[in-house]
Amino acid sequence: MPPKRKKVSAIVKVQLNAGAATPAPPVGTALGPHGVNIMDFCKQYNAATEAQRGNVIPVEITIYEDRSFTFVTKTPPAPQMILKAAGIDKGSAVPHKTKVGSITEAQLREIAEFKMKDLNANDIDAAAKIIAGTARSMGIEVK
């Protein structure tokens, strides 16, 4: 007989700073209602993301009925990676009129390759178009 699978009670998605999760909001408010041991999650998340400190790492937490959990970390959000590549703090308030920076085609492909597993794209060219669209909507030119 196959092993019994645990029943999933919730799936929670949160974006946290790598290696710096604390029981305070947003972690506490997201996991508290589900009865998960918040400190235990914070320790495991911080250990798993320590190498990427300084980035925001989205995490998908699967909570089971017995209050145990598993989590999967994703790649940093595309806008954050684009801002870092362009060397600026924030995008344009009026993206199609005011350009605030630019990234090269090589940087665009590098971001697309890194994010490929989290994007809904069949190949690198399609992924690059997705990232280029995000950059355009932030007022950043691709050269």
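All of these numbers come straight from a predicted model, not from anything done at the bench. (Residues numbered from 1 in each chain as written. Predicted model: local features only at pLDDT ≥ 70, side-chain atom pairs only at ≥ 80, totals over all residues. Heavy atoms only, no water.)

## Side note on the sheet that holds strand β3 (residues 69-73)
Picture the strands of a sheet paired through backbone hydrogen bonds; they go either parallel or antiparallel.
Step number 1: Strand order across the open sheet formed by three strands is β1-β2-β3, with antiparallel pairing between neighbours. Edge strands, defined here as strands with exactly one partner in the open sheet, are β1 (8-17) and β3. Between one strand axis and the next, the sheet turns by 20° as a mean value, whatever way the strands run.
Step number 2: Seen against the sheet, helix α2 (residues 38-49) touches β1, β2 (56-64) and β3 and runs at an angle of roughly 30° to β3. (Pairing = 2+ DSSP bridges. Helix = DSSP H or I, 4+ residues; strand = E, 2+ residues; numbered from the N terminus. Axes fitted to C-alpha atoms, helices over the stretch in contact; angles between N-to-C directions. Contact = heavy atoms within 4.5 Å.)

## Section: the environment of K84
Step number 1: When you line up the elements, K84 lands in helix α3 (residues 78-86).
Step number 2: The class for K84 is exposed, based on a relative accessible area of 55%.
Step number 3: When the C-alpha positions of K84 and G54 are compared, they lie 11 Å apart, and in sequence the two are 30 residues distant.
Step number 4: Beyond its immediate chain neighbours, meaning those up to four positions away, K84 contacts G54 and N55. (Buried < 20%, exposed > 50% of the residue type's maximum accessible area, 1.4 Å probe, protein only.)

## With respect to helix α5 (residues 124-137)
Step number 1: Counted at 1.5 Å a residue, the expected span for α5 with its 14 residues is 20 Å, and the 20 Å between its end C-alpha atoms agrees.
Step number 2: Among the residues making up α5, those that are buried are A127, A128, I131, A132, T134 and A135. All buried residues of α5 project into a common sector of 160° when viewed along the axis, lining one side.
Step number 3: Each element contacted by the buried residues of α5 is listed here: α3, α4 (105-115) and β5 (140-142).
Step number 4: At the C-terminal side of α5, G139 shows a positive phi close to 80°. (Expected span 1.5 Å × (residues − 1). Arc of directions from axis to C-beta.)

## Describing the domain arrangement of the protein
Step number 1: What the domain assignment lists for the protein is domain 1 (8-73) and domain 2 (78-142).
Step number 2: Spacing between the C-alpha centres of domain 1 and domain 2 amounts to 27 Å. (Domains from an automatic or database assignment.)

## Describing the packing of aromatic side chains
Step number 1: Applying the stated criterion across every chain yields a total of one aromatic pair.
Step number 2: Where Y45 meets F71, the ring centres are 6.4 Å apart and the plane angle is 55°; that geometry is what we call tilted. One end of the pair, Y45, is in helix α2; the other, F71, is in strand β3, with 26 residues separating them in the sequence. (Phe/Tyr/Trp six-rings, centres within 6.5 Å; stacked < 30°, edge-to-face > 60°.)

## Describing the packing of α3 against α5
Step number 1: Contact pair α3 / α5: the axes reach a minimum separation of 10 Å and the direction vectors enclose 70°. By the criterion of interaxial angle, the relationship of α3 to α5 is roughly perpendicular. Contacts from A78, P79 and I82 of α3 reach α5 at I131, T134 and A135.
Step number 2: Broken down by class, the residue content of the contact of α3 with α5 amounts to five nonpolar, one polar and no charged. (Parallel < 35°, antiparallel > 145°, perpendicular 65-115°, else oblique. Nonpolar A, V, L, I, M, F, W, Y, C, P; charged D, E, K, R; others polar.)

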